Amino acid sequence: MSTPVTRRTVLAGGAGAAFGLALPGVAAHAGGHHPTSVSFTLDARTLDGGEQVTSVTLDTARLGSIDPAGLTPGTFSVHAKATSPIPIAPGDLIFSEYDLDRTVTAARLDRQGNIVLELSHAEGQPGGGTLGYILSRGRNVRLDLVYTITQNTPIVRRHGSPLTITRFVQGRLSNPEVDAFSHHVSRSGLKYRLYSPDHSPRRGRRPLIVWLHGGGEGASLPDDYYDNETTLRANRGALGFATPQAQQIFTGAYVVAPQSTSYWMEDGPRFAPLIREIVQDLVRRKRVDPDRIYVVGCSNGGYMSLEMTVAYPDLFAASVPICGIVQPLSGEGPPLITDAELAQIKTPTWLVTSLDDDTVPPETNTIHAHDLIPGSLVSLYDHVVWNGYQFPGHWSWIYVARNDPSLDGTHIWQWMARRRR
């Protein structure tokens, strides 16, 4: 049977549907009102360490004017259960399923009159994530979430008797940053998510940023799990380029995040034309400037960004491989990208890694590639620390997602935006 565990260095848990029960010991229709059913939304944010459910919004605006002074963290209780969407093989591990009470830190009204229950959350805190990591597959999956809401005290209304909700119905998982990316499938069957900037006729064609995910965000074949979701929920790699700050720097950019049907390193030369097909299709259908196409990737995707500049030396204006892989991680077999190929890369390249990366050794990968790629730049960090929290050393993509790497006063997003093919 599966063994649910929690580990700081691996992302957690998904989305699903459920309903809560009536308040124990309280009449189903207090004050003579008919039984009341309320739907609720799971509100999520993609933190640097992965997506978490940070609050729950109850659709209470239709119930009349609620007195916010009557709402406390104890008015409602929230229980969360997260399970894998696909079977886990006997003896396999998944990080992290959970079944626990979420701490309500505040209860408030939003502008529409809906009750928002703020939930305790933080980097590395278990029990709020939306992704699980299946060890044998080396893959993240979007876990099925079941949230149960229990009302502990009646809701005080400005007009009318206090109210007890008798049934709670779980709705969608809402993450505005993720939801801003539309779903697509290429002609070759590769799924991808696309962020499209606001358009102004005066601005003409826009840049395109290609984000290539790490190994954990590919498909989980042969389970036939290919969701086009984890690429945006596992980290802020693609989302960072869709933020207002990045969009201002790039004067409005498309951001595309293809999802591998397995993992890029498995067969990079085969995947390269499939990624190029998506790029060419966007240039053809959208207002993409072919002279301002940038490729960025982390870990497996860092390898793939290098592979793309080897295969298509004239396609990209700049490349940012993050903790990219050049040599086989097993230490055996031929290099994934040869020294001769690295030496022939002519795309402007800025490599990023952390020196304490114990997944992809920096010396034989990022530093080695920097020594061979003509004119390349490199940012080497001692550790991955953001907002006072230390992440695993492999997670140096956090720095690029926050536009932190800089050389001679120029940050990496600005450097990219200035490059032209």
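Residues numbered from 1 in each chain as written. Predicted model: local features only at pLDDT ≥ 70, side-chain atom pairs only at ≥ 80, totals over all residues. Heavy atoms only, no water.

Engineer: Residue-level account of the packing of aromatic side chains, with values.
Structural biologist: For the coordinates displayed, the defined rule picks out 12 aromatic pairs. Between the aromatic rings of Trp264 and Phe271, the centroid separation amounts to 5.3 Å while the plane-to-plane angle is 90°, which identifies the pairing as edge-to-face. Overall, Trp264 belongs to the buried group, its relative accessible area being 0%. Centre to centre, the rings of Trp386 and Tyr399 are 6.2 Å apart; their planes meet at 80°, and the pair counts as edge-to-face. Linking Trp386 in strand β22 (residues 384–386) with Tyr399 in helix α8 (residues 397–401), this pair joins segments that are 13 residues apart in sequence. Note on Tyr399: relative accessible area 5%, which makes it buried. (Phe/Tyr/Trp six-rings, centres within 6.5 Å; stacked < 30°, edge-to-face > 60°. Buried < 20%, exposed > 50% of the residue type's maximum accessible area, 1.4 Å probe, protein only. Helix = DSSP H or I, 4+ residues; strand = E, 2+ residues; numbered from the N terminus.)

Engineer: Help me get a handle on the side chain of Thr75, residues and values and all.
Structural biologist: Along the chain, Thr75 turns up in the loop between β4 (50–58) and β5 (76–83). Its relative accessible area of 1% is what places Thr75 among the buried residues. Here the side chain of Thr75 touches Thr72 through a polar contact of 3.0 Å, landing on its backbone nitrogen. Setting aside its immediate chain neighbours within four residues, Thr75 contacts Gly70, Thr150, Gln151, Asn152 and Thr153. (Polar contact = N/O pair within 3.5 Å; in protein donor to acceptor, adjacent residues only side chain to side chain. Contact = heavy atoms within 4.5 Å.)

Engineer: So, the pairing of strand β8 (residues 104–109): which residues are in play, and what are the values?
Structural biologist: Two strands pair when backbone bridges link them, and β8 and strand β9 (residues 115–119) are joined in this way by five bridges, in the antiparallel orientation. Within β9, the residue paired with Ala106 across the bridge is Glu118. Connecting the antiparallel pair β8 and β9 is a turn made up of five residues, with Gly113 showing a positive phi of about 90°. (Pairing = 2+ DSSP bridges.)

Engineer: Break down the pairing of strand β3 (residues 37–47) for me, with residues and values.
Structural biologist: Examined bridge by bridge, β3 and strand β13 (residues 167–174) share six bridges and lie parallel to one another. Among the inter-strand pairings, Ser39 is bridged to a residue of β13, identified as Val169. Sheet topology note: the β3/β4 ladder contains eight bridges and is antiparallel. Following the sheet pairing, Leu47 is matched in β4 by Gly50. Counted between consecutive antiparallel strands, the loop separating β3 from β4 contains two residues.

Engineer: Can you break down helix α4 (residues 268–285) residue by residue, with the values?
Structural biologist: For α4, built from 18 residues, the straight-helix expectation of 26 Å at 1.5 Å per residue is met to within 8% by its first-to-last C-alpha distance of 26 Å. Turning to α4, the residues buried within the fold contact β15 (191–195), β16 (206–212), β17 (254–259), β18 (288–298) and α5 (300–311). (Expected span 1.5 Å × (residues − 1).)

Engineer: Which residues make up the pattern of salt bridges, and what values do they have?
Structural biologist: This structure, assessed with the given rule, holds 15 salt bridges. Note that Glu229 and Arg142 form a salt bridge whose closest N and O atoms lie 3.4 Å from each other. Residue Glu229 is found in the loop between β16 and α2 (230–233), and its partner Arg142 is found in strand β11 (residues 139–142); the two are separated by 87 residues along the sequence. Measuring nitrogen to oxygen at the nearest pair gives 2.8 Å for the salt bridge that ties Glu229 to Arg233. For Glu229, a relative accessible area of 11% puts it in the buried group. A single network of salt bridges, built from pairs that share partners, joins Glu51, Arg142, Arg193, Glu229 and Arg233. (Salt bridge = Lys/Arg side-chain N within 4 Å of Asp/Glu carboxyl O.)

Engineer: Can you break down the packing of α4 against α5 residue by residue, with the values?
Structural biologist: Contact pair α4 / α5: the axes reach a minimum separation of 10 Å and the direction vectors enclose 75°. Of the possible angle classes, the one that applies to α4 and α5 is roughly perpendicular. Counted together, Gly268, Pro269, Phe271, Ala272, Ile275 and Arg276 of α4 and Tyr303, Met304, Glu307, Met308 and Ala311 of α5 form the full contact between these two elements. (Axes fitted to C-alpha atoms, helices over the stretch in contact; angles between N-to-C directions. Parallel < 35°, antiparallel > 145°, perpendicular 65-115°, else oblique.)

Engineer: How would you explain the environment of Val310 if you had to name every residue and give the values?
Structural biologist: In this structure, Val310 sits in helix α5. The exposure class assigned to Val310 is partly exposed, which follows from its relative accessible area of 23%. On a C-alpha basis, the gap between Val310 and Leu372 in space is 13 Å, while along the polypeptide they are 62 residues apart.

Engineer: Please set out the environment of Ser136 residue by residue, giving values where relevant.
Structural biologist: Structurally, the position occupied by Ser136 is in the loop between β10 (131–134) and β11. Ser136 sits 30 residues away from Thr166 along the chain, and the two C-alpha atoms are 42 Å apart. Within the structure, the side chain of Ser136 is placed 2.5 Å from the side chain of Asp92, a separation counted as a polar contact.

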